[in-house]
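# Chain and residue survey
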Amino acid sequence: MSYNLDENYYPLGFQHEIGILVEPHIDQPFIPIRMGVPGFDRVYDGYIKIEVPGRYHFMVEADDAATFTIFGKGACMVSGGRLSASPVLSFSDMEAGFYKVQVEYTNADYNPVSMNAAALKVSMTGPGDEPPALGDYSAGGSDNRKFSSAPSPVLLKISDIS
């Protein structure tokens, strides 16, 4: 493998309490499209669970900028004020287990704030599935654009890792 499992991976049998940090629903984005939001930055640290070994694909969509990082490699994008997507990040031979990930998000300030949108989604497909397809970003105004239909990974927090 081209990535270091020691720092980023815990096998499925890892016996520590696991609780949902964000993403209570696998088909929902981290931050649904919302209007009238002031500028802010967020960092989500956690783990994703891979149950079936194989090839996996990841993509991030955001209004304004986001990075999804796994194994120190990132799928990142800056939208310039519109909802758009990153290039797809693929890994050919992921083992079953928990993988350390980070999602960084920036919603830039925009004046008037009433017209400022915030939106963020990370998509994951695999194994045997096609990479995530782009959403529909053509509508006028971020609140009318649509995320990819690919599912979001559930981001987990593993407590008391030693």
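## Details of the pattern of salt bridges
Tallied over the entire structure, the rule returns one salt bridge. Put simply, E51 and K49 hold a salt bridge, and the shortest N to O gap is 3.9 Å. Among the residues examined, K49 registers a relative accessible area of 37% and is labelled partly exposed.

## Looking at the pairing of strand β11 (residues 117-125)
Along β11, nine of the nine residues are buried, which leaves the element largely enclosed by surrounding structure. Taking every second residue as pointing to the same face, both faces of β11 are buried, with A117, A119, K121, S123 and T125 on one and A118, L120, V122 and M124 on the other. Pairing between strand β3 (residues 31-35) and β11: three bridges, direction antiparallel. When the bridges of β11 are listed, R34 appears paired with A118.

## Details of the confidence of the model for the protein chain
Mean pLDDT over the protein chain works out to 79, with 78% of the residues at or above the 70 mark. Of all the helices and strands in the protein chain, strand β2 (residues 18-20) carries the lowest mean pLDDT, 45, while strand β5 (residues 54-63) carries the highest, 92. Confidence over residues 15-27 falls short of pLDDT 50; this stretch has 32 contacts with residues more than four positions distant or in other chains.

Criteria and cut-off values
Residues numbered from 1 in each chain as written. Predicted model: local features only at pLDDT ≥ 70, side-chain atom pairs only at ≥ 80, totals over all residues. Heavy atoms only, no water. Salt bridge = Lys/Arg side-chain N within 4 Å of Asp/Glu carboxyl O. Buried < 20%, exposed > 50% of the residue type's maximum accessible area, 1.4 Å probe, protein only. Helix = DSSP H or I, 4+ residues; strand = E, 2+ residues; numbered from the N terminus. Pairing = 2+ DSSP bridges. pLDDT = per-residue confidence, 0-100. Contact = heavy atoms within 4.5 Å.

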